[in-house]
Amino acid sequence: MLSNVVASQAVHEAYGGVVPELAARAHQQHIIPVVHGAFQRAKVSKKAIDAVAFTRGPGLISALLVGTSFAKSLALALGVPLIGVNHMRAHILAHFIADANPAPPAFPFLALTVSGGHTQIILVEDYFRMTVLGETLDDAAGEAFDKIAKVLCLPYPGGPQIDRLARSGDPLAFAFPRPKVEGLNFSFSGLKTAVRYFLQERLRRNPDFIDQRINDLAASVQYTIVEILLEKIGLATARHGVKRVALAGGVSANAALRQGLRDRALRNGWEVYIPKLQYTTDNAAMIAMAGGLKLREHLLSPLDTAASARVRL
Ligand code: KG4
Ligand code: ZN
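All of these numbers come straight from a predicted model, not from anything done at the bench.

**Q** Help me understand the pattern of salt bridges in this model?
**A** Pairing of side chains with opposite charge becomes possible as their charged atoms draw close. Enumeration according to the criterion identifies 14 salt bridges in this entry. Of the charged contacts in the structure, one is a salt bridge between Glu125 and Arg129, with a shortest N-O distance of 3.9 Å. Judged by relative accessible area, which is 31%, Glu125 ranks as partly exposed. Here Glu143 makes a salt bridge to Lys147, at a shortest N to O gap of 3.1 Å. One end of the pair is Glu143 and the other is Lys147, both in helix α4 (residues 141-151) and four residues apart, which spans about a single turn. The exposure class of Glu143 is partly exposed, given its relative accessible area of 25%. Shared partners join several salt bridges into a network, and the residues in it are Asp139, Glu143, Lys147 and Lys192.

**Q** Explain the layout of surface pockets to me, please; I cannot follow it from the model alone.
**A** Sizing a probe to match a water molecule and rolling it over the atoms shows the empty space that remains. Roughly 220 Å³ of volume is contained in the second largest pocket. Taken together, 14 residues make up the lining of the second largest pocket; nearest its centre are Gly84, Val85, Asn86, Arg89 and Lys294. Elements with a contribution of two residues or more to the lining of the second largest pocket: β2 (82-86), α3 (87-93) and α9 (284-296). The dominant element in the lining of the second largest pocket, judged by the number of residues it contributes, is β2, at three residues. Here the lining of the second largest pocket is composed, by residue class, of seven nonpolar, three polar and four charged.

**Q** In this structure, what is going on with the site of ligand 1? I would like to understand it.
**A** Near ligand 1, the surroundings consist of 19 residues, among which Gly116, Asp146, Asp163, Gly250 and Asp282 are the closest. One nitrogen or oxygen atom from the side chain of His87 is found 3.1 Å from an oxygen atom belonging to ligand 1. Within the contact set of ligand 1, a nitrogen atom lies 3.0 Å away from a side-chain nitrogen or oxygen of Asn254. Those elements giving two or more residues to the shell around ligand 1 turn out to be α3, α4 and α5 (158-166). In terms of residue class, the shell around ligand 1 is built from five nonpolar, 11 polar and three charged.

**Q** How should the environment of His27 be read in this particular structure?
**A** In this fold, His27 is placed in helix α1 (residues 20-42). If we skip the residues at most four places from it in the chain, His27 touches Gln9, Ala63 and Val66.

**Q** Which parts of the structure should I look at to understand helix α6 (residues 189-205)?
**A** Structurally, the α-helix is built with 3.6 residues per turn, so residues lying three or four positions apart point the same way. Along its 17 residues, α6 runs 25 Å from first to last C-alpha, staying within 8% of the 24 Å computed at 1.5 Å per residue. Within α6 the residues assigned to the buried category are Leu191, Lys192, Ala194, Val195, Phe198 and Leu199. For α6, the angular spread of the buried residues around the axis is 160°, confining them to a single face. More than 90 degrees from the buried face of α6, the exposed residues found are Tyr197 and Arg204. Packing partners of the buried residues in α6 comprise α4 and α7 (209-240).

**Q** When you look at the coordination of the zinc ion (ligand 2) in this model, what are you seeing that I'm missing?
**A** Each donor-metal-donor angle would ideally measure 109.5 degrees in four-coordinate tetrahedral geometry, or 90 or 180 degrees in six-coordinate octahedral geometry. The protein atoms donating to the zinc ion (ligand 2) are His87 (NE2), His91 (NE2) and Asp282 (OD), with metal-donor distances spanning 2.0 to 2.2 Å. When the donor residues of the zinc ion (ligand 2) are listed from N- to C-terminus, their spacing reads H-x3-H-x190-D. Residue His87 and its partner His91 are both found in helix α3; the two are separated by four residues, about one turn of the helix. By relative accessible area, which is 12% here, His87 ends up buried. Residue classification places His91 among the buried positions, given a relative accessible area of 1%.

**Q** Would you take a moment to explain the sheet that holds strand β7 (residues 271-273) for this structure?
**A** In a beta sheet, neighbouring strands pair by backbone hydrogen bonds and run either parallel or antiparallel. Taking strand neighbours across the sheet as the criterion, the five strands line up as β5-β4-β3-β6-β7 in an open arrangement whose pairing is mixed. Each end of this open sheet is capped by a strand with a single partner; those strands are β5 (130-135) and β7. Averaged over neighbouring strand pairs, the angle between their axes works out to 25° when direction is ignored. Bridging between strand β3 (residues 109-114) and strand β4 (residues 119-124) involves six bridges; their strand directions are antiparallel. Looking across to β4, one finds that Val114 is bridged to Thr119. Across the face of the sheet, helix α8 (residues 255-268) comes into contact with β3, β6 (244-248) and β7 while running at roughly 180° to β6.

**Q** Would you mind showing me how to read the side chain of Gln222 here?
**A** Within the fold, Gln222 resides in helix α7. For Gln222, a relative accessible area of 6% corresponds to the buried category. Polar contacts involving the side chain of Gln222 include one to the side chain of Asn254, which spans 2.9 Å. When sequence neighbours within four positions are dropped, the list of residues in contact with Gln222 reads Phe145, Ile162, Asp163, Ala166, Asn254 and Ala256.

**Q** Honestly, the packing of α6 against α7 in this entry has me stumped. Any pointers?
**A** For any two helices packed against each other, the geometry is given by the interaxial angle and the distance between the axes. Contact pair α6 / α7: the axes reach a minimum separation of 12 Å and the direction vectors enclose 160°. By the angle between their directions, the pair α6 and α7 is classed as roughly antiparallel. The two elements α6 and α7 meet at a crossing, and its hand is right-handed. Between α6, through Leu191, Val195, Phe198, Leu199, Arg202 and Leu203, and α7, the contact on the second element is made entirely by Phe209, Ile210, Leu217, Val221, Thr224 and Ile225. Here the contact of α6 with α7 is built from residues that sort into 10 nonpolar, one polar and one charged.

Conventions used here
Residues numbered from 1 in each chain as written. Chains lettered and ligands numbered in written order. Predicted model: local features only at pLDDT ≥ 70, side-chain atom pairs only at ≥ 80, totals over all residues. Heavy atoms only, no water. Salt bridge = Lys/Arg side-chain N within 4 Å of Asp/Glu carboxyl O. Buried < 20%, exposed > 50% of the residue type's maximum accessible area, 1.4 Å probe, protein only. Helix = DSSP H or I, 4+ residues; strand = E, 2+ residues; numbered from the N terminus. 1 Å grid on protein atoms, 1.4 Å probe; cavity = no way out; pocket = protein on both sides within 12 Å on 5 of 7 lines; lining within 4 Å. Points joined across faces, edges and corners; volume = space filled by probe spheres on them. Nonpolar A, V, L, I, M, F, W, Y, C, P; charged D, E, K, R; others polar. Near = heavy atom within 4 Å. Polar contact = N/O pair within 3.5 Å; in protein donor to acceptor, adjacent residues only side chain to side chain. Contact = heavy atoms within 4.5 Å. Expected span 1.5 Å × (residues − 1). Arc of directions from axis to C-beta. Donors = N, O, S within 2.8 Å, 3.2 Å for Na, K, Ca; no water. Pairing = 2+ DSSP bridges. Axes fitted to C-alpha atoms, helices over the stretch in contact; angles between N-to-C directions. Parallel < 35°, antiparallel > 145°, perpendicular 65-115°, else oblique. Left-handed = near helix turned anticlockwise from the far one by under 90°.

See the structure below:
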């Protein structure tokens, strides 16, 4: 990994969420400086690259279109192959970046992919053979963090804020209901509603409730989300007889989830793979890793490839 440049979009903080039009414009503004910066930092000339990989989906279509068009132009101009990559697969394949883990996971393994848009348990049999065993029926885990943070009057994105505040809070201060969902699927929208009603009730009696108990609230919400995730991954290991578990996606930056998974691994004899922080939230290195693996197998994309907001795994 020679360079991994990320342009974060502060513009979304002002609106408490991602505004698609603004995200697309920010992509348009950032893409050339970011690519330029990546070449400079890597000390590699554009002529030296073998292929251009890009995120085809799933994601926000207006932002995907910017990347897709740019990648096509770059590949065409340099005369190198173009490789479309699935964003969720790339989160998992980030585990194979040379410095992501002391050693990459052996196949088969289970991936718990938790991001702002997805929550999935995936059976990974090799680089390209991946099966979704379970997924969220409504909100994603990251979305739950973000939406509940908003109810707690915290800035966007709420996941990292809750993580930070929870460090000095009591995870058992408040008990929130856990959804009853069959099998390996998840549901998070009920938790958001439960927290909202709980707060309305408390705020009626004490208007300063959130301010006074923000750390305990953050810790209790985080504990509930993490327990839901860990319970299902436990069920998946038992059902499928696979004891290797890899975390992926933005929410895997969460300290309680990382520690909780390590603790359960110790108790249950699992091998766990928890990527370095820089490879958990969205990054370009994971797209390059997935692209590199596809290039080796000549899995290239034609120039008429189109971005897709809802492409399946
Ligand atoms: O993978 P990602 O960077 O983008 C998507 O593909 O969605 O994930 C972003 C999500 C956001 O919902 C954000 O709040 C959450 O990951 N997130 C966290 C933490 N860092 C990022 N959630 C909990 N704790 C964190 N430390
Ligand atoms: Zn992502």
